[in-house]
Every structure is written in structure tokens, then in C-alpha cells.
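# Inside the fold
Chain by chain, the residues run as shown.
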Amino acid sequence: MITHRALATSVPNFAYLVKEDRIHGSLYTDEEIFRLELENIWYKGWVYVGHTSEVPIPNDFIMKSIGPQEVIMTRDRDGQIHLLQNRCPHRGNQVCTEAKGNRGIFTCPYHRWSFANTGKLRGYPYPDGYETADRSELGLGRVTRMAEYKGFVFGSFAADGPSLEEHLGRGGRDAIDRLVMTSPEGEVEITAGFLQHKAKANWKFLVENETDGYHPQFVHDSIFSVAQSGIGDLYGSESTALARDLGDGHTENDLRPEFRRIGKLLNWFGTTEDRVPDYVAKMVEAYGDEKARQIMIDGTPHVMIFPNLFIAEIQIFVIQPLSVNETVQHVTALQFKGAPDLNSRLRQQTMGSVGPAGFLLADDSEMYERTQRGVAAKNPEWNYLGRGIHRERRDEEGYLVADNTDEVTTRGIWRHYRELMEA
Amino acid sequence: MTIHVDLALLAEVEQFLYREARLQDTHAYDDWEALWTDDAIYWIPANGADIDPEQKMSIIYDNRSRIGLRIKQFHTGQRHTQMPRSSLGRVVSNVEIIDDDGKEIRVASNAMIYESNLRGETVWATRNEFLLRRNGDGLRMACKKVVLVNNDKPIYTMSFLV
Ligand code: FES
Ligand SMILES: [Fe+2]
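Basis of the calculations
- Residues numbered from 1 in each chain as written.
- Chains lettered and ligands numbered in written order.
- Predicted model: local features only at pLDDT ≥ 70, side-chain atom pairs only at ≥ 80, totals over all residues.
- Heavy atoms only, no water.
- Domains from an automatic or database assignment.
- Contact = heavy atoms within 4.5 Å.
- Buried area = accessible area lost by both parts, 1.4 Å probe.
- Salt bridge = Lys/Arg side-chain N within 4 Å of Asp/Glu carboxyl O.
- Polar contact = N/O pair within 3.5 Å; in protein donor to acceptor, adjacent residues only side chain to side chain.
- Buried < 20%, exposed > 50% of the residue type's maximum accessible area, 1.4 Å probe, protein only.
- Helix = DSSP H or I, 4+ residues; strand = E, 2+ residues; numbered from the N terminus.
- Arc of directions from axis to C-beta.

## Quick word on the domain arrangement of chain A
Residue and element names in this part refer to chain A.
- Split by domain assignment, chain A resolves into domain 1 (50-149) and domain 2 (169-422).
- Taken together, the contact between domain 1 and domain 2 spans 8 residues of the former and 11 residues of the latter.
- Carbon and sulfur atoms make up 57% of the area that domain 1 and domain 2 hide from each other, which totals about 760 Å².
- The largest share of the area that domain 1 buries against domain 2 comes from His51, Ser53 and Tyr149, three residues that together contribute 55% of it.
- Counting across the interface, domain 1 meets domain 2 through 0 salt bridges.
- Scanning the region where domain 1 abuts domain 2 turns up 4 residue pairs in polar contact (both at pLDDT 80 or more).

## Here we look at helix α10 (residues 277-287) of chain A
Residues and elements named next belong to chain A.
- For α10, the complete set of buried residues consists of Tyr279, Val280 and Met283. Taken end-on, α10 shows its buried residues confined to a sector of 100°, consistent with a single buried face. Facing away from the buried side of α10 by over 90 degrees, the exposed positions are Asp278 and Glu285.
- Packed against the buried residues of α10 are α11 (289-298) and α12 (340-353).

## Here's the deal with the interface of chain B and chain A
- On the chain A side, the residues contacting the 33 residues of chain B number 43 residues.
- Together, the buried faces of chain B and chain A total about 3,200 Å²; carbon and sulfur atoms form 52% of this surface.
- Summed over the three residues of chain B that lose the most area to chain A, namely B:Met57, B:His80 and B:Tyr156, the buried surface amounts to 22% of that side.
- For the interface between chain B and chain A, the tally reads 2 salt bridges.
- Close ionic contact of B:Arg79 with A:Asp363 constitutes a salt bridge, the shortest N to O distance being 2.9 Å.
- At the junction of chain B with chain A, the criterion picks out 24 residue pairs in polar contact (both at pLDDT 80 or more).

The structure is reproduced here in C-alpha cells:
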């Protein structure tokens, strides 16, 4: 592995490394840059942690993460969600080793201090040894801020800064709004459990790839051709779908223009109304005929919410960087409340597509790893990201858009990245 | 307690499992596909050995037609993660006949798989359960369940036949 010593001993010059149409390869390989990213992005901004439906009843908890940090998401007995750190305030022992469960109290096995699932210290053995201690200071650490948007829970380690709504922006909120509308009850549930797919690659290769509309035709040709899938055409040069920079690092491949052109219900999911009649009936009942039809034609969004939540039509991915060249992609099927017939199909299709053996993601992951090894080469120093720069334009809402295969999305991600890293 | 082992059956089952392992190690996709029954299930659970595959995500939960799709994808010559193919050597052991009702045989075994590919070298360890069925000229797999010992942790791409 080539390290960039010159960069490691001084503050990297991000204005030099991130240009409008190219970025420097060291951004993926330099350990000092990774350390700065943890500070400026992962431990400062809003990061997606989990969904309220993963802890549905009082005292449920589930182990989550913010970057390499473990975060325990709990629901206390009053129903309130907390994001706690897995570190005993005594000598630092991990207080929780289970992936999920239901408990009101976390007891540290080392000296048996115990904590409520709100993080508050409940007690310690032989308390006469702690006459001068301030018990209120000796709770579990917390993720400094926590906020929720329609069930999606985010955390930030910064005491102040933009609100979650500001971070998501109009584009991010609209994506989640559109997503939950796919349920006749207006709610998404994350209940199918996650696959954890590890790649020997920098996290930014994954973020970029999620809304890279240029690769699907090539990387995924093997499965599109044998499964007779129409997905590839959405990313062809004739496609009317759009690549969109939603601002603040959030990006989208908007497939609605194609689905509206085709005008068939549930075509976005590669199925037809007669296969899921109960779902269609419930949607019409919930939204009325016209709006239900529109929702079922438009389908769910393909939106990457910076830095780690990828809403990918039928599943969500959560990106977790472990080190400069190691990243985990957590992935599960979306489940829509009140849509059991649709949900079982969503699970089936997701299992086929994603994860370590997935028809799609095993090949994406191969590209992440090869690009990681590739950018270690000294020349050319830059990745060229200028595709479609001459045909970028503003849509009616003021967002930058271009053809679906264009790198307007990737450029948007890097523009935002540079702002964060220079701050 | 006395255990009665049908040595002839054990030998037949072992030969079958070794053959399956060889076909996988050598990427003999079509010969491997021919080992399955028409109603087969190929299952690699995630997050434990006993999850409900109809409710929870598995790494692989293929019915017979999806097994076929998996093989077809290899044959396109565009399955990038297997170009070049993983170089594999696996050891199958602990072969135990759990049950035999004359038609179907339940078998347990373990496997250690050494994989070398572009990323590097990876060791995979599995506990396997088979449901084998007699089919005139020999045995067929009606179900193969592969429990990776680390299926609750993040794992690298595993795109060869396991
Ligand atoms: S380290 Fe937790 S009680 Fe001592
Ligand atoms: Fe892809």
C-alpha cells in the first residue's frame, strides 16, 4: 500500500485534491485524511443510525454504529429512543455484547455497575467507596444529538450545527416522504434483519457508486441479461431518467420519467397489479384512485443521503467505514406497513440481489475493491469525473440535473465533501 | 450406548459429499446444478443458524429456479466477481448420518474452505446440513443449508459455490 507521506505530515489541501471534474486518488488511501473525515463528517454531521421499528416495544435495544463507533439504540420504558455508547464510565468495559434484545438495565460485568436504558447510572456495588463521586456524571456516554424523521433515526456527535431537517434538506425529506407513501399506512418497517457485507475499499467508493448511473449496464449486464430485467434500460443512453444533485451531498437517480412514460402500475418493482391485488386495493383505499396510481407508477426513490443512508428502491443500505480501506455495507429489504404480499416479494428479491453472494452487489463490491487497489498506482494521480458536465442544467426546483448516466451526482458528493473538510 | 452405522450408506453419502465439494472447487457449474432435485432449496442463513428464512434476510435462499439463475449468471462470462474465478480448496469432514427413512437421508458435515482471489486469501468455516434423496441412479440434494460460523458478522463477498 502506498502512503502519501507528504500529506500525512501536514493538513491536506482539499481545494487542491477535490476539483470540479476530478479528484485525487489519495483521498481514498491516505490514513490521515480518513482520520480527518471521522472528525469532520462522521463525528460531526448527522449520520443515519437506525429505524424506530427496529426497537418496536419498550426496553428493546439494538446494536448500531456511527462509523467505527458502536452505538446502542434503545427504547426506554416510556417509549423514548436513546443513542448510547458501549462504554462503561468506570474503566471503559463494553456493557453490551448482544446484537439486540429487550432489557431495561445494562449491567457491566466487570464491577457490576448498572445503567438504565436511558443511559443513567442506577447503582454500583459497595457505594460507600464513592462518597465524593457525582453519580449524575457517571452514566453511559450518549451520541450528543439524536433526531428522527418519519422513523429514520439519526445521530450527531456535535452539540450544535444544522438541525436534522436542515441536513436532509428538501431533497432528502422528499425522498423519505415518497418512500413511506409506498405503504398504505404511510410507514416503513425495518424488520427483516441486515446482511453485513464487507469490502476492502474506502467508504467513498461505495457512496459514489450508489448513484453512479453509468455502471449498471456494464457491471450488472450478467444478471440483467439472464433475468430478462428491464433495469438496465433505465440506465441506458436512451433513458429519460435523470441524475440529480439534491445538494448537501445527497444525490439521486430519478427513474420516474421512465416509469411515467411506460405508465404501468408496479413496473418499478418488476411486477404487475394482478400479482399483489391486496396491496393495490389497500393503496386505492388509502390514497384514492388517482394518487394511488401515481404512487404505484412512480415507485420508490433511488436516493443516497450523505454520508451513509442509501434508499435503493426495494432495500436500504447503511454504509459504515471501519478504516481507510475497509467498509461494511449493511443491507435489508424495505418492508411497508400494511403490505404483507408486497413485503414477501421485497424480501425475496432483495436476498437475490444484495449481500456477499448477491447477483448485483457481489459485482459492485468487486469494483469497490479493484478501484481501491487501482488508485494506489501513482499515475494518473486523478480520477476523472467530468461525464456530462457540459449538459448539466437546473430543473424546475433548482436542482442540478443531467442524463442518468452522468456524473453530476458524484460531483455533487465531492463538492459537499470539500466544504465539510475545509470547514 | 451402541451406535449402528450403515457403513455402506455412510460410504455412499461421503462419496456424494466429496463429489459435490470437488465440483464446487473446480467450478463445474452444470455438473453441480445436476445434483439438485426439482424442489431444491439452497440456504445460507445470516445472523444465526435457525432464523426463519421466510421472514428474515439470508445470504442465499434459493429455490430451484434461482439456483439455475445463479449458474446462468456464471455462464455469461460477465460475473465479474468470479473473473478470475476464486481458487478453492475445501475439506469436508465430520460426515454424520442423522436420519434415514429409506427415502430421504439427513446428513450433517463440516467444511473448511480456503479461497484465494484478487482480494487475497480468505478462510471460510461452515456447518452443513443436507437433505438427500434417492433418485434411481444415486443421491440428489433436496436441501443444503450452509451455516457460516461467522454469519452474524460482516463478511467479504462470497460469490463462489459454497
Ligand atoms: S468497568 Fe464497568 S463496572 Fe468497572
Ligand atoms: Fe451497481
